[in-house]
Amino acid sequence: DAMVIQNPRYQVTQFGKPVTLSCSQTLNHNVMYWYQQKSSQAPKLLFHYYDKDFNNEADTPDNFQSRRPNTSFCFLDIRSPGLGDAAMYLCATSRESADTQYFGPGTRLTVL
Amino acid sequence: QKEVEQNSGPLSVPEGAIASLNCTYSDRGSQSFFWYRQYSGKSPELIMFIYSNGDKEDGRFTAQLNKASQYVSLLIRDSQPSDSATYLCAVNLSNDYKLSFGAGTTVTVRA
């Protein structure tokens, strides 16, 4: 089945220790998104890629970076995680911009 | 004013009843509207999308869109305990590539 996959599902890191989250998709969608979601809040868009074109949201901290080496994979790098970065990180894809978005299962990040 | 607003709930309904969730949006030019269901600790799962005014039915779910009044609603008929979740309304604002999400309405279906 076509799907969006995220690894790992749970990630524990130490304050300031870099971490990389990964997302892959078999939907062959053009657009990939990274969201941060904290408890009882709406998902907050961090970045999105249309193909290889990168789009950074204005309020995304510099601590967060992303890479999309090919159509299928996208990575979220958190250079120096702080306690406030503990959250669920969601990857989503859509065929085109503004189309229906399909979410992966998410990665729960804990910062100690 | 927030771009997308939902009542946070919790909305408690008895099993078998109709759950009615509402969502309002600020941008009159918005074109696409989505409802996602999110179980605690899980990722959002698409339930329905709607583009045109009126009703759209899928099983026990009905989405209703009224662009003139700038609201979209979701009805869940014959509510089941498995429907207990947070329901997120998402809107594609005009001239924008991204979805704006409401904060979600938490629904509890009591047996």
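Above this text is the structure in question.
The structure displayed is predicted, hence computed values, not measured ones.

Caption draft 1: Inspection of the overall build of chain B at higher detail. When you go through chain B residue by residue, the secondary structure sums to 0 helices and 11 strands. Traced from its N-terminal end to its C-terminal end, chain B shows the element sequence β-β-β-β-β-β-β-β-β-β-β. Over its C-alpha trace chain B gives a radius of gyration of 13 Å, about what one expects of a compact globule, namely 13 Å for 111 residues. Counting only C-alpha atoms, chain B reaches 45 × 30 × 20 Å along its principal axes.

Caption draft 2: Molecular detail of the side chain of Asp77(A). All names here are of chain A. Examined against the element boundaries, Asp77 turns out to sit in strand 8 (residues 73-78). A distance of 2.7 Å separates polar atoms of two side chains, one belonging to Asp77 and the other to Thr20. A polar side-chain atom of Asp77 sits 2.8 Å from a polar atom in the side chain of Arg67. Once residues lying within four places of it in the same chain are set aside, the contact partners of Asp77 are Val19, Thr20, Asn63, Phe64, Gln65 and Arg67.

Caption draft 3: Layout of the sheet that holds strand 8 of chain A. Residue and element names in this part refer to chain A. In spatial order, the strands read 1-3-8-7; together these 4 strands make up an open sheet with antiparallel pairing. Looking at which strands have only one partner, the edges of the open sheet turn out to be strand 1 (4-7) and strand 7 (64-67). Taking each pair of neighbouring strands and ignoring which way they run, the sheet shows an average axis angle of 20°. Where strand 7 meets strand 8, 4 bridges bridge the pair, whose relative direction is antiparallel. What sits directly across from Gln65, in strand 8, is Asp77.

Caption draft 4: Main features of the interface of chain A and chain B. Across the boundary between the two partners, chain A contributes 22 residues, which contact 20 residues of chain B. Between chain A and chain B lies a buried interface of about 1,500 Å² when both sides are counted; carbon and sulfur atoms form 56% of it. Contact with chain B buries surface across chain A, with Ala98(A), Thr100(A) and Phe103(A) losing the most and accounting together for 30% of the total. Where chain A touches chain B, the interface holds 1 salt bridge. For Lys98(B), the salt bridge goes to Glu57(A), with nearest N and O atoms at 2.6 Å. Where chain A meets chain B, there are 4 residue pairs in polar contact (both at pLDDT 80 or more). Grouping the constituent residues of the side of chain A that touches chain B by class yields 11 nonpolar, 8 polar and 3 charged.

Caption draft 5: Region of interest: the state of the cysteines. Summed over the entire model, instances satisfying the criterion amount to 2 disulfides over all chains. At a sulfur-sulfur separation of 1.9 Å, the disulfide partner of Cys23(A) is Cys91(A). Classification of the bridge connecting Cys23(A) and Cys91(A) rests on its S-S torsion, roughly -70°, and on that basis the disulfide is left-handed. Separated by 68 residues along the polypeptide, Cys23(A) in strand 3 (residues 19-25) and Cys91(A) in strand 9 (residues 87-94) bring together distant segments of the chain. Taken individually, Cys23(A) and Cys91(A) each receive the classification buried, so the pair is uniform in this respect. The partner cysteine of Cys23(B) in its disulfide is Cys89(B), sulfur to sulfur 2.0 Å. Here the S-S torsion is close to -70°, and the disulfide linking Cys23(B) with Cys89(B) is therefore left-handed. Here the residue Cys23(B) occupies a position in strand 3 (residues 19-25), and Cys89(B) occupies one in strand 9 (residues 85-92), the gap between them amounting to 66 residues. Among the residues examined, Cys23(B) registers a relative accessible area of 1% and is labelled buried. Free of any disulfide, Cys74(A) has its nearest cysteine sulfur in Cys91(A), 6.1 Å distant. You can call Cys74(A) buried: its relative accessible area is 0%.

Calculation rules
Every chain's residues receive numbers from 1 upward, in the order its sequence appears when written. As they are written, the chains are lettered A onward and the ligands numbered 1 onward, keeping that order. Only residues with pLDDT of at least 70 get local features here, since the model is predicted, and only at 80 or more are side-chain atom pairs given and counted; chain-wide, interface and lining totals rely on the full set of residues. Side-chain metrics rest on all non-hydrogen atoms present in the structure, leaving aside hydrogens and water. Helical segments are the DSSP runs of H or I of at least four residues, strand segments are the runs of E of at least two, and each set is numbered from the N terminus. A radius of gyration in this sense is built from C-alpha atoms; the matching globule rule multiplies 2.2 Å by the number of residues raised to 0.38. Counted as a polar contact is a pair of N or O atoms within 3.5 Å, where, for protein atoms, one must be capable of donating a hydrogen and the other of accepting one, and residues adjacent in sequence contribute only when both atoms are in side chains. When checking whether two residues touch, look at their non-hydrogen atoms; a contact exists if any pair is within 4.5 Å. Here, strands pair whenever DSSP counts at least two bridges between them. Under this scheme, a helix contributes an axis fitted over its contacting stretch, all axes are lines through C-alpha atoms, and angles between N-to-C directions fall in the 0 to 180 degree range. When two parts are put together, the accessible area they lose, computed with a 1.4 Å probe and summed over both, is reported as buried area. Between Lys or Arg on one side and Asp or Glu on the other, a salt bridge is scored when a side-chain nitrogen of the former is within 4 Å of a carboxyl oxygen of the latter. Residues are grouped as follows: Ala, Val, Leu, Ile, Met, Phe, Trp, Tyr, Cys and Pro are nonpolar; Asp, Glu, Lys and Arg are charged; every other residue, Gly included, is polar. Note on terminology: pairs of cysteine sulfur atoms within 2.5 Å are recorded as disulfides. Three exposure classes are used, based on accessible area relative to the maximum for each residue type with a 1.4 Å probe and protein chains only: buried under 20%, partly exposed in between, and exposed over 50%.

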